[in-house]
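Descriptive analysis of the structure
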Amino acid sequence: MTCQQFLERYSDYRDAEEEDPVRAPFLGHLESCPRCARYALVLERGVEFLHSFPGPEPQQDFRDRLRHRIYQTELEEGRKRRRASGSVLVPLALAAAAIFTGVAVWGPISFLTPRVSLPAVQARAPDAPVSLSAPGAGLARSGRSPGPLFQEDLWSQSHVLLYEISPLYQRTREGAVMRVGLP
Amino acid sequence: MFAKKTVQPQGSLAASPNRSTREEIAALTDSQVVQRFLEGQERAFGELVSRYDARLLNFVYRTVGDRERAQDLVQETFVRVYRHLHRFDQSKKFSTWIYTIAGNLAKNELRNRSRNPLVLFQTIKKNWDADHRPLEWEDESTKPDDLFRKRHLKEKVEDAVKELPEHHRLVFVLRELEGRTYEEIAEITETNLGTVKSRLNRARNNFARIIAPMVD
């Protein structure tokens, strides 16, 4: 065994049981190498010194402080649990209130509103369209033929239409009806 | 005239519980004590505190190097044990579990101290050097005189542990001072066996190199 091997595998030697055959090559090397022997001695003595120095003792009030700390932790955990359950309950309560309000408002309306079935509405065929054909001034200017939409005699008396929609209609109604020929 | 009223403090850490109960609990194994606590016997927790307070304090102190902070971290360890004991897998060793909690708190403490970028850089450099420096016996260039050595031996040996890089220090303390097995150390430090052996060997080499000038 070389010194480098001794250093690299030293823990195998140190942590093996007394009678473990793993230790044999190390023991052989220690007998012939003062440097490695000193290394092993330094480590053993150093750890012995560490064990011989008393470690820190818990303070006198260690248990009292620990008891207090556990109590405070439990108290805080209880508060957190209550806050968490509260934070879930509030939106649930609001949602329940909204549902209840909706039911209270719309429920009676939907329940009390009578449902009546009405007969189907049938559309009547339209009356024959009144064809109005008149060679109006605008149409004449545009060069388009007036078509059957405008009757010549109606537009020849276009001031009659004006009477029909004006406040003067009531006064001249009889005259207008006679002139246009409506029943 | 008036009967002397003795007030027994309540709770799991009562100073003087029923003697026979206390003796009975003291004779139980860790697993049995844990079981008693989970069954509702709060005094069992006091027994766990008695068994582990000094040992954990020594372990955490050697790891973080600060007595006051070590007291605080050990208290925090027991608080966490109290709160989470119902989740402990009773097929495992209780001592490994409690040391894992304490070890993680100590590591967090050391990590928090390294938040300063300069300190972090120095820590990283120190760890790298310790992992890659060639293994050596001792530094023979410095050897203080006998008087200095005798006066400062304790201080120097304790300082030698503090000077170890954090990941070496943890395995060194667990093995050399707490007597944990490699498997337990691997579980506590959440690494594998190979890493534990490698770190332990380097830690021993660094420790020997530092204290060699102080040892006759």
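**With respect to the overall build of chain A**
When its secondary structure is counted, chain A shows 9 helices and 0 strands. Ordering the α and β elements of chain A from the N terminus gives α-α-α-α-α-α-α-α-α. With 183 residues in all, chain A has 20% of them scored as buried. Look at the contacts in chain A between residues 6 or more apart in sequence, and 25% of them connect residues 24 or more apart. When the accessible surface of chain A is totalled, it reaches about 13900 Å², and 61% of it is carbon and sulfur.

**Quick notes on the packing of helix H3 (residues 43–64) of chain B against helix H8 (residues 166–177) of chain B**
Residues and elements named next belong to chain B. At their nearest, the axes of H3 and H8 sit 9 Å apart, and the two run at 145 degrees to each other. The chirality of how H3 crosses H8 is right-handed. Across the interface between the two elements, Phe59, Arg62, Thr63 and Val64 from H3 touch Arg169, Leu170, Val173, Leu174 and Leu177 from H8. Class assignment for the residues of the contact of H3 with H8 results in 6 nonpolar, 1 polar and 2 charged.

**Digging into the interface of chain B and chain A**
Taken together, the contacts link 50 residues of chain B with 38 residues of chain A. Buried area between chain B and chain A, summed over both chains or domains, comes out near 4300 Å², and the portion from carbon and sulfur atoms is 58%. Applying the counting criterion to the chain B and chain A interface returns 6 salt bridges. Measuring nitrogen to oxygen at the nearest pair gives 2.8 Å for the salt bridge that ties Glu176 of chain B to Arg14 of chain A. Here chain B is connected to chain A by 20 residue pairs in polar contact (both at pLDDT 80 or more). Elements represented by at least two residues in the side of chain B that touches chain A include exactly H3, helix H4 (67–84), helix H7 (146–163), H8 and helix H10 (193–211) of chain B. Here the side of chain B that touches chain A gets 11 residues from one element, more than from any other, and that element is H4 of chain B. Partitioned by chemical class, the residues of the side of chain B that touches chain A number 25 nonpolar, 8 polar and 17 charged.

**Here we look at H3 of chain B**
Owing to its 3.6 residues per turn, the α-helix aligns residues three or four sequence positions apart on the same side. Compared with an ideal rise of 1.5 Å per residue, which puts 22 residues at 32 Å, H3 of chain B spans 30 Å between its outermost C-alpha atoms and is within 8% of the ideal. In terms of residue burial, H3 of chain B counts as a mostly covered element, since 18 of its 22 residues are buried.

**Some details on unusual backbone geometry**
Positive phi, close to 55 degrees, is recorded for Glu190 of chain B, a residue that is not glycine. Tracing the backbone shows Glu190 of chain B in the loop between helix H9 (182–189) and H10.

**A short note on the pattern of salt bridges**
Opposite charge on two side chains makes pairing possible when the charged atoms of those side chains draw close. Per the counting criterion, the structure on display carries 21 salt bridges over all chains. Here Asp12 of chain A ties to Arg9 of chain A by a salt bridge, and the two come within 3.8 Å at their closest N and O atoms. On the accessibility criterion, Asp12 of chain A (30% relative accessible area) is partly exposed. Arg9 of chain A gets classed as partly exposed once you look at its relative accessible area, which sits at 38%. A salt bridge links Arg65 of chain A to Asp61 of chain A; the nearest nitrogen and oxygen atoms lie 3.8 Å apart. Note on Arg65 of chain A: relative accessible area 30%, which makes it partly exposed. Each member of the salt-bridge network shares a partner with another, and the members are Arg69 of chain A together with Arg69, Asp72, Glu76, Arg80 and Glu109 of chain B.

**Focus on the packing of aromatic side chains**
Residues and elements named next belong to chain A. Counting across every chain of the model gives 17 aromatic pairs over all chains. Relative to Tyr13, the ring of Phe6 has its centre 6.5 Å away and its plane inclined at 45 degrees; by these criteria the two rings are tilted. Here the aromatic rings of Tyr10 and Tyr13 are separated by 5.8 Å at their centres, their planes lie at 50 degrees, and the arrangement is tilted. Within this pair, Tyr10 and its partner Tyr13 are both found in helix H2 (residues 10–15), separated by 3 residues, close to a single helical turn. The pair formed by Tyr10 and Tyr13 is uniform in burial state, with each residue classed as buried.

**Some remarks on H9 of chain B**
Taken across its 8 residues, H9 of chain B has 6 buried, putting it largely inside the fold. For H9 of chain B, the full list of buried residues reads Tyr182, Glu184, Ile185, Ala186, Ile188 and Thr189 of chain B. Close packing links the buried residues of H9 of chain B with H2 of chain A together with helix H5 (94–113), H8 and H10 of chain B. Positive phi shows up at Glu190 of chain B, right after H9 of chain B, with a value of about 55 degrees.

Basis of the calculations
- Residues numbered from 1 in each chain as written.
- Chains lettered and ligands numbered in written order.
- Predicted model: local features only at pLDDT ≥ 70, side-chain atom pairs only at ≥ 80, totals over all residues.
- Heavy atoms only, no water.
- Helix = DSSP H or I, 4+ residues; strand = E, 2+ residues; numbered from the N terminus.
- Buried < 20%, exposed > 50% of the residue type's maximum accessible area, 1.4 Å probe, protein only.
- Contact = heavy atoms within 4.5 Å.
- Areas by Shrake-Rupley, 256 points an atom, 1.4 Å probe, with all protein chains shown as cover.
- Axes fitted to C-alpha atoms, helices over the stretch in contact; angles between N-to-C directions.
- Left-handed = near helix turned anticlockwise from the far one by under 90°.
- Nonpolar A, V, L, I, M, F, W, Y, C, P; charged D, E, K, R; others polar.
- Buried area = accessible area lost by both parts, 1.4 Å probe.
- Salt bridge = Lys/Arg side-chain N within 4 Å of Asp/Glu carboxyl O.
- Polar contact = N/O pair within 3.5 Å; in protein donor to acceptor, adjacent residues only side chain to side chain.
- Expected span 1.5 Å × (residues − 1).
- Phe/Tyr/Trp six-rings, centres within 6.5 Å; stacked < 30°, edge-to-face > 60°.

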